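What the coordinates show
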Amino acid sequence: MASSGIEAEEDPLLGDRTPGNREWDIIETEEHYKSRWISIRILYLTMFFSSVGFSIVIMSIWPYLQKIDQTADASFLGWVIASFSLGQMVASPIFGLWSNYRPRKEPLTVSIFISVAANCLYAYVHVPASHNKYYMLVARGLVGFGAGNVAVIRSYIAGATSLQERTSSMANTSACQALGFILGPVFQTCFALIGEKGVTWDTIKLQINMYTAPVLLGAFLGVLNIILILILLREHRVDDSGRQCKNVNFEEASTDEVQVPQGNIDQVAVVATNVLFFVVLFIFALFETIVTPLTMDMYAWTREQAVLYDGVILAALGVEAVIIFMGIKLLAKKIGERAILLGGLIVVWVGFFILLPWGNQFPKIQWEDLHNNSIPNTTFGEIIITLWKSPREDHNEGPTGCPIEQAWCFYTPMIHLAQFLTSAVLIGIGYPSCNVMSYTLYSKILGPKPQGVYMGWLTASGSAARILGPVFISQLYTSWGPRWAFSLVCGIVVLTILLLVAVYKRLVAFSVRHRRIEE
């Protein structure tokens, strides 16, 4: 009998399960069972590290980009952030195809090694004499290319779990991914205390500061991940009832074929869930992207302050998300996944509606071009954040406030700090709820049939969202300001809510739809 810890691992994130119902114990040895779940847990960790690799520098990309290359603007920031997902979109089918014919260790190890090398490149983007912003673009794109192993992770977990385990395993994978996106900035916040100057290793021209330390940590975690995969990951494949099947590098298993269940998948529900998942990731990607430029413009924060304060805010949202993940299991049993998804979208809409600027106070303007870089030390924007001031503020960072190149700075009211914090809390509630619910509903809609192709579509929709979200918000924010940007986001969420209402009755589990079990 497996240990109680392993039994707890099996418990689904969502849905019911009869205690002690382990019918596959008869057809699976304890040794195989433990090895299978150790491998799955290693891939949970790999998914988490991949997500952290995306978000760990979100708060510092913009100030670091401004520091290393003065020609970079907010529009280019969108492309730098989107390059991660573009690389992931390109790499996912490549690694997925590779894993179909070779042991999964190969594409996983190679992909993580690419991410480690890319993180090291990011730490050296300040060295070239020119075109530094393009080196950063390449580095982030390669980190995303390495993150293409998400397709391998999902296909492995789908093939290594029985029907009874699959939905909970996929939901747990989604939870690890979402948690990585949210908690990545926590690590960035810790390194913000190092400051912009940090320390320099002259021999290898390595600067260890608040911008490079996070990626160096990412590289270390990648090396650790490779070691764990090489030592602990084993090839496993089971059929719908949990019986071992023949697989690459696993010849001892039974070769019994999985029976294809009767009934068609509801393609309307599949497409609708992909759209819902796209919007959920689109919204959070654009929110993470715009936080730093928005706070620097509205509150005249320096680069160092923006990294520290925004990191603290997102760290708090990470704690909030953990609480959401803990409570959502009980809530789903009472009201269902669809209701939570609908409620989460409504909460997100309220969050962005609150973020709309109003009032008669305006942000501080950067007058560096007109005043020859001489600005007063005491300004209205600084008075607002007096309690937030860093005692070791670097006054050589340059002018602060809303750049005069953004015409909307002169006529758009500022977003009050209370507005921003309230909005962040609400979005922090809605995003993890919607993320887990959409992914779980998708798994249940697909049912017992092989999910590899469909999961590929879901990965592609998520990657597209993380490409388009940063580009959309950075272009719109730079040209038209927060009022137009957040108004359009509110409109997108409203359309998404209407879509969910329209397909609400179709978002049911495969077995429920074909009346094999009662809902």
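Residues numbered from 1 in each chain as written. Predicted model: local features only at pLDDT ≥ 70, side-chain atom pairs only at ≥ 80, totals over all residues. Heavy atoms only, no water.

Along its length, the chain carries 18 helices and 4 strands. Put simply, the chain has 519 residues, and 58% of those count as buried. Within the chain, contacts between residues separated by at least 24 positions form 82% of all contacts whose residues are at least 6 apart in sequence. (Helix = DSSP H or I, 4+ residues; strand = E, 2+ residues; numbered from the N terminus. Buried < 20%, exposed > 50% of the residue type's maximum accessible area, 1.4 Å probe, protein only. Contact = heavy atoms within 4.5 Å.)

What follows is about unusual backbone geometry. Of note, H131 is a non-glycine position whose phi angle comes to about 55 degrees, a positive value. Within the secondary structure layout, H131 lies in the loop between helix 5 (105–122) and helix 6 (132–146). In this structure, K205 is a non-glycine residue whose phi angle is positive, near 55 degrees. Tracing the chain through its elements places K205 in the loop between strand 1 (199–201) and strand 2 (206–208). Look at K205 and you get exposed, because its relative accessible area is 54%.

A disulfide bridge is the covalent bond that connects two cysteines by way of their sulfur atoms. Applying the stated rule across the entire model yields 1 disulfide. The side chain of C402 participates in a disulfide bridge whose partner is C409; the two sulfur atoms lie 1.8 Å from each other. For the disulfide bridge between C402 and C409, the dihedral angle about the S-S bond is near -60 degrees, and by the sign convention the bridge is left-handed. With respect to class, C402 is no different from C409; both count as buried. (Disulfide = S-S within 2.5 Å.)

A few words now on the side chain of S111. By the secondary structure assignment, S111 is in helix 5. A polar contact is formed between the side chain of S111 and the backbone oxygen of L108, at a distance of 2.8 Å. Discounting residues that sit within four places of it in the chain, S111 has contacts with F95, G146 and N149. (Polar contact = N/O pair within 3.5 Å; in protein donor to acceptor, adjacent residues only side chain to side chain.)

Across the interface, helix 4 (residues 74–101) lies against helix 5 with an axial gap of 8 Å and an inter-helix angle of 150 degrees. By the angle between their directions, the pair helix 4 and helix 5 is classed as roughly antiparallel. Contact with helix 4, carried on its side by F95, W98 and S99, involves E106, P107, V110, S111 and I114 of helix 5 and no other residues of that element. Taken together, the residues of the contact of helix 4 with helix 5 break down into 5 nonpolar, 2 polar and 1 charged. (Axes fitted to C-alpha atoms, helices over the stretch in contact; angles between N-to-C directions. Parallel < 35°, antiparallel > 145°, perpendicular 65-115°, else oblique. Nonpolar A, V, L, I, M, F, W, Y, C, P; charged D, E, K, R; others polar.)

Under the definition given, this model contains 4 salt bridges. Here E30 ties to K34 by a salt bridge, and the two come within 3.2 Å at their closest N and O atoms. Here the residue E30 and the residue K34 both occupy positions in helix 2 (residues 30–55), the gap between them amounting to 4 residues, near one helical turn. Between R102 and E106 there is a salt bridge, with the nearest N and O atoms lying 2.6 Å from each other. The exposure class of R102 is partly exposed, given its relative accessible area of 43%. Overall, E106 belongs to the partly exposed group, its relative accessible area being 25%. (Salt bridge = Lys/Arg side-chain N within 4 Å of Asp/Glu carboxyl O.)

Its place among the elements puts S83 in helix 4. Exposure remark for S83: the relative accessible area of 9% places this residue in the buried category. Setting aside residues no more than four positions away along its own chain, S83 makes contact with L137, R140 and G141.

Let us now look at a nonpolar patch on the surface. On the surface, a nonpolar cluster with roughly 480 Å² of combined accessible area is contributed by I38, V223, I227, L230, I231 and L232. Sort the elements by how many residues they give to the nonpolar patch and helix 9 (residues 213–232) lands first, with 5 residues. Within the secondary structure, L232 sits in helix 9. (Patch = residues over 30% accessible without salt bridge, like charges linked within 9 Å, V, L, I, M, F, W, Y side chains within 5 Å. Areas by Shrake-Rupley, 256 points an atom, 1.4 Å probe, with all protein chains shown as cover.)

Turning next to the packing of aromatic side chains. If you walk through the whole model with that rule in mind, you get 16 aromatic pairs. Here F95 and F145 contribute two aromatic rings whose centre-to-centre distance is 5.7 Å and whose plane-to-plane angle is 70 degrees, an arrangement assigned as edge-to-face. Of this pair, F95 sits in helix 4 while F145 sits in helix 6, and the two are 50 residues apart along the sequence. Judged by its relative accessible area of 2%, F95 is buried. (Phe/Tyr/Trp six-rings, centres within 6.5 Å; stacked < 30°, edge-to-face > 60°.)

To continue, consider the nonpolar core. In this structure, M136, F352, F420 and F486 are the most contacted members of the largest nonpolar core, which totals 140 residues. Tallying contributions element by element places helix 10 (residues 267–299) first for this core, with 19 residues. In contact with F352, other than residues within four places in its own chain, are I283, L286, F287, S423, I427, F486, V489 and C490. (Core = buried A, V, L, I, M, F, W, Y, C linked by side-chain atoms within 4.5 Å.)

This paragraph deals with the confidence of the model for the chain. Averaged over every residue, the pLDDT of the chain is 77; the share at 70 or more is 80%. Here residues 1–26 is a poorly scored stretch, pLDDT under 50, and it has 60 contacts once near neighbours within four places are set aside; other chains count. For the stretch residues 368–396, pLDDT sits under 50, and the model shows 41 contacts to residues farther than four places along the chain or on other chains. (pLDDT = per-residue confidence, 0-100.)

In this section: helix 10. Relative to the 48 Å expected for 33 residues at 1.5 Å per residue, helix 10 spans 47 Å between its end C-alpha atoms, a close match to the ideal helical length. At I290, helix 10 is bent by approximately 40 degrees, the largest bend along its length, and proline P293 sits one to four residues beyond. Buried residues dominate helix 10, accounting for 28 of its 33 residues. Its side-chain oxygen 3.2 Å from the backbone nitrogen of V268, D266 forms the N-cap of helix 10. (Expected span 1.5 Å × (residues − 1). Bend = angle between axes of the 7 residues up to and from the residue.)

We now examine helix 17 (residues 482–503). In a regular helix each residue adds 1.5 Å, so 22 residues correspond to 32 Å; helix 17 covers 32 Å between its end C-alpha atoms and thus fits that length. Regarding helix 17, the residues found buried are P482, A485, F486, V489, C490, V493, T496, I497, L500 and V503. The arc that holds the buried residues of helix 17, viewed along the axis, is 155 degrees, so those residues lie on one side. For helix 17, the exposed residues set more than 90 degrees away from the buried face come down to W484, L495, L498 and A502. (Arc of directions from axis to C-beta.)

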